[in-house]
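Structural overview
Residues per chain are reported as follows:
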Amino acid sequence: MAFRDFLLMLFVCFVWAAHTVVSKLVVSGMEIPPLFYAAIRFGIVGLVTLPWLLPAPKPTWRMLVVGFLMGGGGFALFFLGIRTASPSSASIVGQLGLPITTLLSVAMLGERIHWRRGLGIAITFIGGMLVMWDPSSGFPLSAGLLLILLGAAAGSLAAVMMKQIKGVKPMQFQAWIGLASVLPLVFLTAGLETGQLTRATQAGWPFVAALLFSALIVSLVAHTIYYGLIGKYPANLIAPLLIMNPLMTVGMGIVITGDHFDARMALGTGLALCGVLIIALRRNHMMPLASVLWGRFR
């Protein structure tokens, strides 16, 4: 990889890691309703990318479903979950999207899994369960992290369905994510949340800055750069570099939001990332699209 492209990859991972921490600060520190936050974010994304919306991909209904699962649906669950979950644990649990995508590709696309990738899937899930385990509560798994896992699963389903849609460009993809996400999220926040505008007004300019960072820098700039790198280099070259993202998130979470990181978290993190690498480095048809999923949930 050219050094310039490596620096771009480093920038992308840093932006994604920062966004996980910023999201925690928005929905927990500023107490912005998470569905409202997601609705405004994807409204901005849809508005900015509107010129790339047409021609509509075929079949259009599938693109709408993929757009909602990959965008508003997955992010709504992520923002709901990160209210109580730490950024570092959320970033590790989000890695489970890759083995879920692989398993869904077997069920829906007929892809075969050999024993090494099967081992990687098992190791990743063991590591993820260690991170999600909450021995201090009556329920053994963290509720916030379960929501994040459901969000990752929604993105995994979208990734496999996306495999059956051809010829969608990155900016067009973002446009359809925005279109498919904003209206359902508006109805959800209107029906399930209260005090949205009051909280947003009280938060002031820091909320506006976080919103623009999420919609423009993360969704458009970082993802466009990343899609370009995926198209330029083999997925098994990009995949190991993506490990920088959760590692940066863990570091930022410890420093900025004071995340608790003990021996259990360290062991779970190590196992999950080792499993992800085993899956990612094995040759398979889903890896390029799964790499997009692996990075997009930021």
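Procedures and definitions
Counting restarts for each chain: residues are numbered from 1 in the order of the written sequence. Owing to the predicted nature of the model, reporting of local features is limited to residues with pLDDT of at least 70; listing and counting of side-chain atom pairs is limited to 80 or more, with chain, interface and lining totals taken over all residues. With hydrogens and water stripped out, all remaining heavy atoms of the structure feed into the side-chain values. Segments assigned H or I by DSSP are reported as helices when at least four residues long, segments assigned E as strands when at least two residues long, and all are numbered from the N terminus. Exposure is judged per residue with a 1.4 Å probe applied to protein chains only, and the accessible area is read against the type maximum: over 50% gives exposed, under 20% gives buried, and values in between give partly exposed. Any pair of residues with heavy atoms lying within 4.5 Å of one another is described as a contacting pair. When charges are counted, Lys and Arg are positive and Asp and Glu negative, with His and the chain ends excluded. Charge placement uses NZ in Lys and CZ in Arg. For Asp and Glu, CG and CD serve respectively. One fewer than the residue count of a helix, multiplied by 1.5 Å, yields its expected span. Two axes enter the bend calculation: one fitted to the seven residues ending at the residue in question, the other to the seven starting there, and the bend is the angle between them. Salt bridge, as applied in this entry: a Lys or Arg side-chain nitrogen positioned within 4 Å of an Asp or Glu carboxyl oxygen. Lines fitted to the C-alpha atoms define the axes, with helices restricted to the stretch that makes contact. Angles between their N-to-C directions range from 0 to 180 degrees. What sets the label is the angle itself: under 35 degrees gives roughly parallel, over 145 gives roughly antiparallel, 65 to 115 gives roughly perpendicular, and the rest give oblique. What makes a crossing left-handed is the near helix being turned counterclockwise from the far one by less than a right angle; a clockwise turn instead makes it right-handed. When residues are sorted by character, Ala, Val, Leu, Ile, Met, Phe, Trp, Tyr, Cys and Pro go into the nonpolar class, Asp, Glu, Lys and Arg into the charged class, and all the rest, Gly among them, into the polar class. For our purposes a nonpolar core is just a set of buried Ala, Val, Leu, Ile, Met, Phe, Trp, Tyr and Cys residues, chained together by side-chain atoms within 4.5 Å. Lining residues are those with an atom within 4 Å of a point, where the points come from a 1 Å grid over the protein atoms alone and group into cavities, where a 1.4 Å probe fits but cannot get out, or pockets, open sets with protein on both sides within 12 Å along at least five of seven lines. Grid points are joined across faces, edges and corners, and a volume is the space filled by probe spheres set on the points.

1. Notes on the overall build of the protein
Along the backbone of the protein there are 14 helices and 0 strands. Helices and strands appear in the protein in the N-to-C order α-α-α-α-α-α-α-α-α-α-α-α-α-α. Judged by the C-alpha coordinates and their principal axes, the protein covers about 55 × 50 × 40 Å. Among the 298 residues that make up the protein, the fraction classed as buried is 54%. A fraction of 88% describes how many contacts in the protein between residues 6 or more apart in sequence connect residues 24 or more apart. One finds the centroid of the 19 positive side-chain charges in the protein at a distance of 16 Å from the centroid of its 7 negative side-chain charges.

2. Brief notes about helix 8 (residues 170-192)
For helix 8, spanning 23 residues, the distance from its first C-alpha to its last is 32 Å, which sits close to the expected 33 Å at 1.5 Å a residue. The sharpest bend along helix 8 comes to roughly 30°, located at Val182, with the proline Pro184 sitting one to four residues further on. Among the structural elements, helix 2 (34-48), helix 3 (60-82), helix 7 (143-162), helix 9 (196-203) and helix 10 (205-232) are those in contact with the buried residues of helix 8.

3. Here we look at the pattern of salt bridges
Following the criterion strictly, the structure yields 1 salt bridge and no others. Arg4 serves as the salt-bridge partner of Asp5, at 3.2 Å between the closest nitrogen and oxygen. Taking the relative accessible area as the measure of exposure, Asp5 reaches 3% and is therefore buried. Overall, the relative accessible area of 58% leaves Arg4 in the exposed class.

4. Describing the packing of helix 1 (residues 3-29) against helix 3
The contact between helix 1 and helix 3 brings their axes to 9 Å, and the two run at 65°. The angle between the axes of helix 1 and helix 3 places the two elements in the roughly perpendicular class. Considering how the two elements wind past one another, helix 1 and helix 3 form a crossing that is right-handed. Of the residues in helix 3, those touching helix 1 at His19, Thr20, Ser23, Lys24 and Val27 are Phe75, Phe78, Phe79 and Ile82. When grouped by side-chain class, the residues that make up the contact of helix 1 with helix 3 number 5 nonpolar, 3 polar and 1 charged.

5. Some points on the nonpolar core
By size, the foremost hydrophobic cluster in this structure holds 79 residues, and its most contacted members are Met9, Phe173, Phe207 and Tyr226. Element by element, the count of residues in this core is highest for helix 10, at 11 residues. Excluding residues that lie within four positions of it along the chain, Phe173 makes contacts with Met63, Val66, Met70, Met162, Val168 and Tyr227.

6. Topic: helix 2
Taking 1.5 Å per residue, 15 residues should reach 21 Å; helix 2 reaches 21 Å between its end C-alpha atoms and fits that length. In terms of residue burial, helix 2 counts as a mostly covered element, since 11 of its 15 residues are buried. Next to the buried residues of helix 2 lie helix 1, helix 3, helix 8, helix 9 and helix 10.

7. Notes on the layout of surface pockets
If you add up the space inside the second largest pocket, you get close to 240 Å³. For the second largest pocket, the lining is made up of 15 residues, of which Ser86, Ser89, Val131, Leu145 and Arg264 are closest to its centre. Counting only elements with at least two residues in the lining of the second largest pocket, the list comes to helix 6 (115-132) and helix 13 (263-281). Broken down by class, the residue content of the lining of the second largest pocket amounts to 6 nonpolar, 6 polar and 3 charged.

8. With respect to unusual backbone geometry
Going from Leu54 to Pro55, the amide bond is cis rather than trans, its omega being 0°. Positionally, Pro55 belongs in the loop between helix 2 and helix 3. Between Lys58 and Pro59 the backbone carries a cis peptide bond, its omega angle lying at -10°. Phi at Glu31 takes a positive value of approximately 60°, unusual for a residue other than glycine. As for its placement among the helices and strands, Glu31 is situated in the loop between helix 1 and helix 2. On the basis of relative accessible area, Glu31 is assigned to the partly exposed category, the value being 45%.

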